[in-house]
Structure formats: C-alpha cells, structure tokens
Amino acid sequence: ACADCAWSFIRRGRLRCRQAPRMALSDDAPACTRHEPAAELACQTCGACCREAYDAVEVSRRDPVNRDHPGLVVNSGGRRKLRREGERCAALTGGATPAEAYACAIYAGRPKTCRDFTCGSENCLDARRRVGLSL
C-alpha cells in the first residue's frame, strides 16, 4: 500500500506521494507500479547519492573530514569538495560486483552535506532514480 512506500510522505496531515505530491491519498490506497518498500532503503548499502547521481559534495571548513581525511578534500574554484574517482565519491567503497554492497569509508565523520542528505528523502529517491535503482 502507499503508506509503506518510500515515496510517501505526510503534508498538512495527509498522506501524499512524491510521484504526485498535489494529490492526497487515503491511508489504505493501493500501491502503484512505482511502489518501493521504505524499509528496504539503507544508506550504507545503496550509495546512489555517492555514485553517478551527483557531481560534487561541498565540504565546509568546519567539517571533520578536512582534519581526519585531508586526502579526500580538494579545492576547486575556491570551494572545498570531496574528491571524486571517476563518477563516484572517493570515500565510497564496494560495488565492484552486483552482490557487493556499497559503503562510505568516512560515514561517521562525513561532511554536513552528506549528513543532511536524508535516507528516503526526495533527493535520495531522485539519486536512486538517476542510477537506476528506482522507477
């Protein structure tokens, strides 16, 4: 049902879908073809936001990654960013085979930009869509 889908959210006390955010749904609305169980989303196995989905992760001067992992931070046009290795973040591990889960090597001390990127948020689901994990 829509209520347990990763795309569902509550706005003004009503269940809604990120696929059709203006439309209110009933609590027992049947799932559509884009249904994705919210319980299956997991930051430390997906890695969509760290892969091809986005080009850069801004790093503030206060982020611990500057001190703890200086080799991962680059200056580009006067801005600090996490280094990329090809199409993915240099801190992203795994994914060499379809069965191998992705993980962040600096997850506990990741930059604020990454900490603010909430699992199951609209940005998360957009990233998953961009890498082919969501419809």
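Our subject is the structure that appears above.
Counting starts from 1 at the beginning of each chain's written sequence and moves along it residue by residue. Two thresholds apply to this predicted model, a pLDDT of at least 70 for residue-level local features and 80 or more for giving and counting side-chain atom pairs, whereas whole-chain, interface and lining totals are computed over all residues. Side-chain metrics in this entry use all non-hydrogen atoms of the structure; hydrogen atoms and water are not considered.

Engineer: So, the sheet that holds strand E1 (residues 8-11): which residues are in play, and what are the values?
Structural biologist: Note on pairing: two strands pair once DSSP finds at least 2 bridges between them. Strands here mean DSSP runs of E at least two residues long; helices mean DSSP runs of H or I at least four residues long; both are numbered from the N terminus. Pairing within the open sheet is antiparallel, and its three strands lie in the order E1-E2-E3. Unpaired on one side and paired on the other, E1 and strand E3 (20-25) mark the two borders of the sheet. Mean inter-strand twist for the sheet, computed between neighbouring axes without regard to direction, equals 40°. Between N-to-C directions, angles cover 0 to 180 degrees, with each direction set by a line fitted to C-alpha atoms, over the stretch in contact for helices.

Engineer: Which residues make up the pairing of strand E4 (residues 73-76), and what values do they have?
Structural biologist: In summary, the side chains of a regular strand alternate between the two faces of the sheet. Direction of pairing for E4 relative to strand E5 (residues 79-82): antiparallel, over a ladder of four bridges. The residue of E5 that forms the bridge with Asn75 is Arg80. The turn linking E4 back onto E5 is made up of two residues, and Gly77 within it adopts a positive phi angle of 60°.

Engineer: Could you give an account of the pattern of salt bridges, with specific residues and numbers?
Structural biologist: Between Lys or Arg on one side and Asp or Glu on the other, a salt bridge is scored when a side-chain nitrogen of the former is within 4 Å of a carboxyl oxygen of the latter. Taken as a whole, this structure holds seven salt bridges when the rule is applied. A salt bridge links Glu85 to Arg83; its shortest N-O distance comes to 2.9 Å. Through salt bridges with shared partners, a single network forms among Asp126, Arg129 and Arg130.

Engineer: Residue-level account of unusual backbone geometry, with values.
Structural biologist: Positive phi, normally seen in glycine, also occurs at Arg12, with a value near 55°. In this fold, Arg12 is placed in the loop between E1 and strand E2 (14-17).

Engineer: Provide a residue-level description of the side chain of Asp63, including the pertinent values.
Structural biologist: Note that Asp63 resides in the loop between helix H1 (43-46) and helix H2 (65-68). Counting of polar contacts relies on pairs of N or O atoms within 3.5 Å, with two restrictions inside protein: one atom must be capable of donating a hydrogen and the other of accepting it, and residues adjacent in sequence are counted only when both atoms are side-chain atoms. In terms of polar contacts, Asp63 uses its side chain to reach the backbone amide nitrogen of Lys112, at 3.0 Å. Should any heavy atoms of two residues lie within 4.5 Å, those residues are counted as being in contact. Setting aside residues up to four positions removed in sequence, Asp63 forms contacts with Pro111, Lys112 and Arg115.

Engineer: Quick one: what's the story with the packing of aromatic side chains, residue by residue and with numbers?
Structural biologist: Pairing of aromatic side chains here covers Phe, Tyr and the six-membered ring of Trp, requires ring centres within 6.5 Å, and sorts the geometry by plane angle: under 30 degrees stacked, over 60 edge-to-face, intermediate tilted. Applying the stated criterion across every chain, the model contains zero aromatic pairs. The positively charged end of Arg110 is found above the aromatic ring belonging to Tyr107, 3.8 Å away from the centroid. Here, over-ring charges are defined by two tests on the NZ atom of lysine or the CZ atom of arginine: distance to the ring centre within 6 Å, and angle to the ring normal within 35 degrees.

Engineer: Report on the nonpolar core, specifying residues and quantitative values.
Structural biologist: Joining through side-chain atoms within 4.5 Å is the link that ties buried Ala, Val, Leu, Ile, Met, Phe, Trp, Tyr and Cys residues into a set, and such a set is a nonpolar core. Relative accessible area decides the class of each residue, using a 1.4 Å probe on protein chains only: under 20% of the type maximum gives buried, over 50% gives exposed, and in between gives partly exposed. In terms of nonpolar packing, the biggest core is built from 14 residues, with Val65, Leu72, Leu82, Cys89, Ala91 and Ile106 touching the most fellow members. In terms of nonpolar packing, the next biggest core, distinct from the first, is built from ten residues, Trp7, Cys17, Ala29 and Leu125 among them.

Engineer: Got a sec to walk through the pairing of E3? Specific residues and values, please.
Structural biologist: Note: E2 against E3, three bridges, orientation antiparallel. Bridge pairing in E3 places Arg16 opposite Ala24.

Engineer: Summarise helix H4 (residues 122-130); cite the residues concerned and give the values.
Structural biologist: Along H4, the residues classified as buried are Cys124, Leu125, Ala127 and Arg128. Relative to the axis of H4, the buried residues are bounded by an arc of 155° and lie together on one face. Just downstream of H4, Gly132 is the residue with a positive phi angle, here 85°. This arc describes the spread of directions from the helix axis toward the C-beta atoms.

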